[in-house]
Amino acid sequence: AALLALRSVGKSFPNGVTALRSIDLSIGEGDFVSLLGPSGCGKSTALRIIAGLTMPTTGMIDWQSGAGRQPSIGFVFQEPTLLPWASVFDNVWLPLRLKGVSRSEAAPAVTGMLERVNLAGFEKSVPRELSGGMKMRVSIARALITRPRLLLMDEPFAALDEITRFQLNDDLLELWREERFTVVFVTHSVFESVFLSSRIVVMAARPGRVFEEVAVDAGYPRD
Ligand code: ADP
Ligand code: ADP
């Protein structure tokens, strides 16, 4: 079943730049979809529109499950955007805290999530003590702690070295296989999109152009 569909979604900015002309795209429940294309083709804009962070100028997002309402969403940016003075534990607790869950109530979930992203034992560390890859793991844990149905990732591993990126790719895939949240993953790496995705959406090189092509099945074993 489809989780959401972009219907003739377009975006022009006040400065006259057309980032997206008109996109039609359906994303299935449990899919791992890559939005693949070069810098400036509108990938981040499409992702931000799905997240509700940017309004489209034309078209709409059709939420097809959950009675037309946007489901819970986790967002992972390229920059980890962690609270620098807060511990790893507190960074991951934050989304639950905002929902009124106390530290002690949250503890089993936070500790469990840190184990899932291979950060057991780093609860008390602060971000500046961590490598780039570890900070990214904290960001992923923070995004997943509320158990979102949809995880949006904007070039999350682009700034990391290749070995770290491979490890994170492997670990993300394992989390996705176990939990089956839906992922929309923005990348300009063909390699990464093929390794990760159940589906690749290729976006055209020039900003403002429509999708050249949609939905190449990467052939990844689904179960
Ligand atoms: P990508 O993620 O593929 O690199 P973006 O979605 O970030 O592409 O950007 C698509 C186009 O829209 C680019 O030409 C970019 O410069 C432009 N753009 C993005 N955000 C804004 C903005 N807030 N104001 C004006 N132009 C923007
Ligand atoms: P093959 O040649 O058999 O297709 P590769 O040489 O592409 O395999 O990859 C060998 C191993 O490296 C894979 O089993 C995988 O675990 C790992 N690997 C390859 N690409 C990636 C990636 N983008 N991220 C993480 N691991 C990767």
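This text follows the structure it describes.
First things first, this report covers the structure right here in the doc. (Residues numbered from 1 in each chain as written. Chains lettered and ligands numbered in written order. Predicted model: local features only at pLDDT ≥ 70, side-chain atom pairs only at ≥ 80, totals over all residues. Heavy atoms only, no water.)

1. Describing the environment of L172
Note that L172 resides in helix α5 (residues 162-179). The exposure class assigned to L172 is buried, which follows from its relative accessible area of 2%. Between the alpha carbons of L172 and R137 there is a distance of 9.4 Å; along the sequence they are 35 residues apart. Each residue touching L172, except ones within four places of it in the same chain, is listed here: F32, L151, M153, F157 and F185. (Helix = DSSP H or I, 4+ residues; strand = E, 2+ residues; numbered from the N terminus. Buried < 20%, exposed > 50% of the residue type's maximum accessible area, 1.4 Å probe, protein only. Contact = heavy atoms within 4.5 Å.)

2. Here's the deal with the pattern of salt bridges
By the definition in use, this model includes nine salt bridges. One salt bridge in this structure joins R103 and D90, with 2.8 Å as the shortest N-O distance. Linking R103 in helix α3 (residues 103-116) with D90 in helix α2 (residues 88-98), this pair joins segments that are 13 residues apart in sequence. Within the structure, one salt-bridge network assembled from shared partners comprises R116, R147, E178 and E179. (Salt bridge = Lys/Arg side-chain N within 4 Å of Asp/Glu carboxyl O.)

3. Concerning the layout of surface pockets
In this structure, the largest pocket occupies an estimated 200 Å³ of space. Taken together, P71, S72, I73, G74, F75, P95, R142, A143 and T146 make up the full set of residues lining the largest pocket. Residue contributions to the lining of the largest pocket peak at three residues, all from strand β5 (residues 73-76). In terms of residue class, the lining of the largest pocket is made up of five nonpolar, three polar and one charged. (1 Å grid on protein atoms, 1.4 Å probe; cavity = no way out; pocket = protein on both sides within 12 Å on 5 of 7 lines; lining within 4 Å. Points joined across faces, edges and corners; volume = space filled by probe spheres on them. Nonpolar A, V, L, I, M, F, W, Y, C, P; charged D, E, K, R; others polar.)

4. Side note on the site of ligand 2
All residues adjacent to ligand 2 are F166, N169, D170, F191 and F195. At a separation of 3.1 Å, a nitrogen atom of ligand 2 approaches a polar side-chain atom of N169. Contact with the protein chains removes 40% of the 550 Å² of surface that ligand 2 exposes when unbound. Counting only elements with at least two residues in the shell around ligand 2, the list comes to α5 and α6 (190-196). Tallying contributions element by element places α5 first for the shell around ligand 2, with three residues. (Near = heavy atom within 4 Å. Polar contact = N/O pair within 3.5 Å; in protein donor to acceptor, adjacent residues only side chain to side chain. Areas by Shrake-Rupley, 256 points an atom, 1.4 Å probe, with all protein chains shown as cover.)

5. Quick look at the site of ligand 1
Taken together, 13 residues surround ligand 1, and among them G40, G42, K43, S44 and T45 come closest. Note that an oxygen atom of ligand 1 is positioned 2.9 Å from one of the side-chain N or O atoms of K43. Within the complex, the protein chains bury 64% of what would otherwise be the 560 Å² of accessible surface of ligand 1. For the shell around ligand 1, the residue count by class is six nonpolar, six polar and one charged.

6. Regarding the packing of aromatic side chains
The full count for this structure, using the stated rule, is five aromatic pairs. On the basis of an interplanar angle of 85° and a centroid distance of 5.5 Å, the ring pair of F32 and W176 is categorised as edge-to-face. Residue F32 is found in strand β3 (residues 32-36), and its partner W176 is found in helix α5; the two are separated by 144 residues along the sequence. Comparing F32 with W176, the two get one shared label, buried. Plain terms: the ring middles of F157 and F185 are 5.9 Å apart, the flat faces sit at 55° to each other, and that makes the pair tilted. On the criterion of sequence distance, the pair formed by F157 in the loop between β6 (150-154) and α5 and F185 in strand β7 (residues 182-187) is long-range, its members being 28 residues apart. Looking at F157, the relative accessible area reads 0%, which means it is buried. Exposure remark for F185: the relative accessible area of 0% places this residue in the buried category. Three or more aromatic residues joined by ring pairs make a cluster, and in this case those are F32, F157, W176 and F185. (Phe/Tyr/Trp six-rings, centres within 6.5 Å; stacked < 30°, edge-to-face > 60°.)

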